[in-house]
Amino acid sequence: MNRENWFQASPEGAKALGGVHHYVTKNTNLPSQLIHLVFLRVSQINGCAHCIDLHSRDLIKEGMSVDKLVLVPVWHEAAYLFSDQERAALAWAEEVTRVSETHASDEAYAAASKAFDSRDLVDLTIAIAAMNAFNRMGVSFRLKPAAKA
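The rules behind the values
Residues numbered from 1 in each chain as written. Predicted model: local features only at pLDDT ≥ 70, side-chain atom pairs only at ≥ 80, totals over all residues. Heavy atoms only, no water. Salt bridge = Lys/Arg side-chain N within 4 Å of Asp/Glu carboxyl O. Helix = DSSP H or I, 4+ residues; strand = E, 2+ residues; numbered from the N terminus. Buried < 20%, exposed > 50% of the residue type's maximum accessible area, 1.4 Å probe, protein only. Core = buried A, V, L, I, M, F, W, Y, C linked by side-chain atoms within 4.5 Å. Contact = heavy atoms within 4.5 Å. UniProt positions renumbered as here; feature names shortened; annotations may be inferred.

> Honestly, the pattern of salt bridges in this entry has me stumped. Any pointers?
Should their charged atoms come close, side chains of opposite charge can pair. According to the stated counting rule, one finds five salt bridges in the structure shown. Between Asp 53 and Arg 57 there is a salt bridge, and its shortest N-O distance comes to 3.0 Å. Of this pair, Asp 53 and Arg 57 both sit in helix H4 (residues 49-61), four residues apart, which is roughly one turn of that helix. Judged by its relative accessible area of 14%, Asp 53 is buried. Classification of Arg 57 as partly exposed rests on a relative accessible area of 37%. Notably, a salt bridge pairs Glu 86 with Lys 68, separated by 2.9 Å at the nearest N-O pair.

In structure tokens, the structure reads:
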């Protein structure tokens, strides 16, 4: 079944979400590759094919090796490939994305707080929340990935 193109159906809504994305990617102290890594992991959890495709490509453009990229879903098992800050960001992304299960535990918050100062932790959480919103739009309206066979 074809679904609405949500960008066309609600350009103001798309622009509003885009504003949050712009803030996170242009106006924070978070490294771009870290942001896209978090965007990718959140999208993997939520099963958004379009966003997985998009952020995988972004990470490759920014110099992430394919070897590291393919291990993002199992980063716990390949922790040696990820910096301390990347591991903290991935763990917090999983905790916040699965908030209905985790309730953003005190233990996870304490761990994230060790790796990020106050503003960066808030900005990271905004990035996670924004990607969760984009994933829900992408999945709900079946946004297609750019990948070709």
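> When you look at the nonpolar core in this model, what are you seeing that I'm missing?
Nonpolar side chains in soluble globular proteins generally cluster together in the buried interior. Of all hydrophobic cores here, the largest spans 25 residues; its most connected members are Val 38, Trp 92, Phe 116, Leu 124 and Ile 128. Where this core is concerned, the elements lending two or more residues are helix H2 (11-26), helix H3 (32-46), helix H6 (84-97), helix H8 (106-115) and helix H9 (118-140). The biggest single contributor to this core is H9, with six residues. When sequence neighbours within four positions are dropped, the list of residues in contact with Ile 128 reads Val 38, Val 42, Trp 92, Ala 93, Val 96 and Thr 97. Counting residues in hydrophobic clusters, the runner-up holds nine residues, among them Leu 37, Leu 40, Leu 59 and Trp 75.

> Please explain the UniProt feature "domain: Carboxymuconolactone decarboxylase-like" (unreviewed entry) in the protein chain as it appears in this structure.
Residues annotated by UniProt as "domain: Carboxymuconolactone decarboxylase-like" (unreviewed entry) correspond here to residues 11-95. In this annotation, residues 11-95 is assigned 71% helix and 0% strand; the end-to-end C-alpha distance for the span is 31 Å.

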